[in-house]
Amino acid sequence: MADALGDVYVNLSALKTAKSRFLFTRSLLIKHKMLTRTLNIEMEYDCPTLSANIRQKGNDFFRAKKYTKAIDLYTRCLMGSEPTTECHALALGNRSAAHYHLGHFELCIKDAHWAMVCNYPSKLAYKLYERAGNAECMLGLAQRAKDSFTECLIRLDEVDMSAENKRKFRETIEIAIAKCDERLEDRKRTKKVPPIEELVGGRNENIPALSAFVELKMTKDMGRGVFATHDINPGDVVAIDEPYICGPISHHTEVCHYNGCMKLDVGLFPCPKCFMVYYCNKDCMNKADKDGHYLECPIMDFVKSTPGIPRMNELVLKWFLKDYLKMGLKNYCSAVNNFYESQIDPKTRGFDENGQYKSDNFLTAYSLDSKEDKLSIDVLFFFNCIAVDLLHYLLLNGFKIPKCDIGTVGASFVHILTVLDMNCRKLNLNAPKIAFQKEIKLTLTIAMTLYPTICLFNHSCDPNVKRSGELSDRVRVMKATQPIPKGTQLFSSYGIIFQGHHKDSRQELLKDCFKFDCCCQPCIKDWPTSQNILNPSMASTVEVECKKFLEFSKSVNPEDYHQHLKYLYKFIKLLLTNVKRPFRLYEECLEMIGTAHIMSTNEIINICESPY
């Protein structure tokens with residue numbers, strides 16, 4: 001069809017509305033029979049006898065302690081058995097045991113949890129919980145292990161076992177629980193307590209997730225931006241925001257899929273119907289169903305195979321279904337149509353009728369800048385094709401949309417895709433960095449997240465606000481890392497900083513990903529990645545303080561930087577007025593402040609640091 005694509009682009013370019021472009025694309029794909037005709041998947045399962053035989057052969061390898069070969073056979077059994085059968089559940093339990101013996105504790109927990117939601121025999125369930133508890137102990141997950149052992153004791157009542165053996169087993173598990181309690185008590189004594197963060201100056205009257213010490217103003221080069229109305233010091237909290245929509249960055253990320261949780265965990269519970277989304281507990285699973293997962297569950301396999309970024313495509317459906325259930329289809333379509341028809345003031349875009357900009361409001365998120373009008377025609381056509389597919393799967397699954405509303409819903413899918421593509425990248429192009437050692441930096445990105453208020457911050461290659469707190473927290477706290485004088489714009493980084501990229505590469509990347517020419521100070525003045533120039537009048541004072549800082553940097557470990565924040569704030573203020581940027585020690589101090597603001601108390605992140 002390559003010969004026809006040029007005509008497609010010409011015709012699409014001539015259409016003036018998002019709705020007409022979607023309907024044109026949909027009719028094109030229908031005409032050329034490029035849409036899936038049915039959701040029925042002909043799964044070929046081996047006969048139950050053959051699957052059982054494969055599992056038994058796996059058991060033979062297990063008894064011979066050939067665990068890797070056993071896992072291969074258990075996996076073959078899983079691929080060839082109906083997911084609702086006892087054979088399937090037993091193969092998961094067996095594979096969990098093999099992973100445990102190989103030291104694959106996270107995989108052991110995952111298979112054990114998977115077996116728990118399958119048709120695993122209740123009289124054997126105590127074994128799963130015991131094994132899960134032992135694996136969690138090995139990973140240092142004391143509370144999780146205690147919960148598993150406690151459930152094991154409850155399940156023990158169903159076991160056909162002699163009274164004496166049951167007594168001995170119960171004693172063993174009770175000892176394990178006592179050890180978990182000891183571990184938890186030790187952790188209470190040593191655990192760092194995260195501070196209760198408060199916005200400097202209180203909440204902003206019109207933008208509740210921002211500080212009262214900032215305001216929204218229009219700029220010539222960057223559109224609207226956040227500006228300081230008071231002097232803001234390093235460490236001041238300038239934003240506390242929650243995501244409008246979020247989801248794991250990949251299918252392998254151990255993060256709860258429920259939009260209201262996003263908890264980092266190991267061995268999550270899979271949805272027992274699609275096995276493609278995972279939750280930290282049954283409560284989150286039920287809440288996700290109320291938010292619309294039950295509507296997307298039957299089509300998850302198709303959504304997963306949709307071109308583009310599958311996880312982002314999933315977020316499109318998640319967003320739509322959440323708001324469809326909250327607003328109803330009529331109100332949803334009305335809101336979308338009003339958005340396209342109204343003339344929106346660039347400064348007040350996303351504000352409600354009461355003059356409030358709230359991150360939990362549909363139109364606030366929907367109104368985020370997407371640069372949809374700047375997309376190349378091939379990308380725009382591609383996004384429309386994805387939207388057609390997603391809507392088609394919903395309709396095939398029995399979702400009812402009146403014919404007159406199909407264009408509106410489809411156009412909204414395209415717009416949501418562009419909003420997510422633009423704004424999720426701002427926060428996830430590069431994850432926050434933690435310097436566990438001076439030479440090694442760990443980069444961790446766990447989810448795609450859309451924070452409508454944080455998206456108000458424009459980019460600078462020399463940001464003066466950065467993320468603070470737990471990396472895995474759903475709520476995101478932004479703190480100043482540099483002094484921000486009154487009248488100065490607050491900048492975050494979209495993952496690109498001047499120390500790591502020369503100007504040309506920064507400009508190219510920002511233009512490609514975000515469709516703008518960066519006009520921050522490092523770009524305007526073409527800063528080198530490092531240089532040292534002092535104010536001559538303060539040379540002696542600064543030189544003395546720089547020597548002290550060098551000694552400090554050699555003697556203090558990164559995990560202890562948070563204990564010295566007052567010193568770091570004082571030093572960076574001194575340098576700000578007495579050195580010409582870039583200045584190597586300024587950048588090092590800035591990096592230390594950013595590291596100190598990231599405080600991990602999450603045991604999932606720390607499992608490699610503190611094994612049982």
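Residue indices follow the written sequence of each chain, beginning from 1 at its first position. In view of the model being predicted, local features appear only for residues whose pLDDT reaches at least 70, and side-chain atom pairs are presented and counted only at 80 or more, with totals across whole chains, interfaces and linings using the full set of residues. Excluding hydrogens and water, the side-chain values take into account all heavy atoms of the structure.

Identification of the protein chain as SET and MYND domain-containing protein 4-like from Aphis craccivora is taken from an unreviewed UniProt entry.

Caption draft 1: Summary view of the packing of helix α5 (residues 86-101) against helix α6 (residues 105-117). Here an angle of 0 to 180 degrees is reported between the N-to-C directions of two axes, which are lines fitted to C-alpha atoms, with helices fitted over the stretch in contact. Helix numbers and strand numbers start at the N terminus; a helix is a DSSP run of H or I with at least 4 residues, a strand a run of E with at least 2. Two elements in contact, α5 and α6, have axes separated by 8 Å at closest approach and are oriented at 165 degrees. In terms of their interaxial angle, α5 and α6 are classed as roughly antiparallel. Regarding α5 and α6, the two cross each other, and that crossing is left-handed. Between α5 and α6, the residues in contact are Ala 89, Leu 92, Gly 93, Arg 95, Ser 96, His 99 and Tyr 100 and Phe 105, Leu 107, Cys 108, Asp 111, Ala 112, Trp 114 and Ala 115, respectively. Roughly parallel means an angle under 35 degrees; roughly antiparallel means over 145; roughly perpendicular covers 65 to 115; every other angle is labelled oblique. Working rule for handedness: look at the near helix, and if it is turned counterclockwise from the far one by less than a right angle, call the crossing left-handed; if clockwise, right-handed. Contacts: residue pairs with any heavy atoms within 4.5 Å of one another.

Caption draft 2: Expanded view of unusual backbone geometry. Looking along the chain, the bond that leaves Arg 581 and enters Pro 582 is cis, with omega of 0 degrees. Position of Pro 582 among the secondary structure elements: in the loop between β15 (579-580) and α21 (584-597). Notably, Met 262 is not glycine yet its phi reads approximately 60 degrees, a positive angle. Along the chain, Met 262 falls in the loop between β4 (245-248) and β5 (269-270). The phi dihedral of Lys 515 falls on the positive side, at around 60 degrees, and the residue is not glycine.

Caption draft 3: Examining the confidence of the model for the protein chain more closely. Residue-level confidence of the predictor, termed pLDDT, takes values from 0 up to 100. Looking at the protein chain, pLDDT values average 88 and 90% of them are 70 or higher. At the level of individual helices and strands, the protein chain shows its lowest average pLDDT in strand β7 (residues 433-434), which scores 33, and its highest in strand β3 (residues 237-241), which scores 97. Within the model, the stretch residues 429-443 combines pLDDT values under 50 with 33 contacts to residues more than four positions away or in other chains. A low-confidence stretch, residues 607-612 stays under pLDDT 50, and its non-local contacts, those more than four residues away or across chains, total 15 contacts.

Caption draft 4: Highlighting the packing of helix α4 (residues 67-79) against α5. Axis separation between α4 and α5 bottoms out at 9 Å; the angle between their running directions is 160 degrees. Our classification of the angle between α4 and α5 gives roughly antiparallel. Considering the relative orientation of α4 and α5, their crossing is left-handed. The residues of α5 that touch α4, namely those facing Tyr 67, Ile 71, Tyr 74, Thr 75, Cys 77 and Leu 78, are Cys 87, His 88, Ala 91, Leu 92, Asn 94, Arg 95, Ala 98, His 99 and His 101. Looking at side-chain class alone, the contact of α4 with α5 contains nine nonpolar, five polar and one charged residues. For this classification, Asp, Glu, Lys and Arg are treated as charged, while Ala, Val, Leu, Ile, Met, Phe, Trp, Tyr, Cys and Pro are nonpolar and the rest, including Gly, are polar.

Caption draft 5: Highlighting helix α2 (residues 18-31). In a helix, the anticipated span is given by 1.5 Å times the number of residues less one. Taking 1.5 Å as the rise per residue, α2 with 14 residues should run 20 Å; its terminal C-alpha atoms sit 20 Å apart, in good agreement. Of the positions making up α2, those classed as buried are Ala 18, Arg 21, Phe 22, Phe 24, Thr 25, Leu 28 and Leu 29. Considered in projection along α2, the buried side chains sweep an arc of 160 degrees and stay on one side of the axis. Downstream of α2 by a residue or two, Lys 33 has a phi angle that is positive, lying close to 55 degrees. Buried means the residue's accessible area, taken with a 1.4 Å probe over protein chains only, is under 20% of the maximum for its type, while exposed means over 50%, and partly exposed covers the values in between. As used here, the arc belongs to the directions running from the helix axis to the C-beta atoms.

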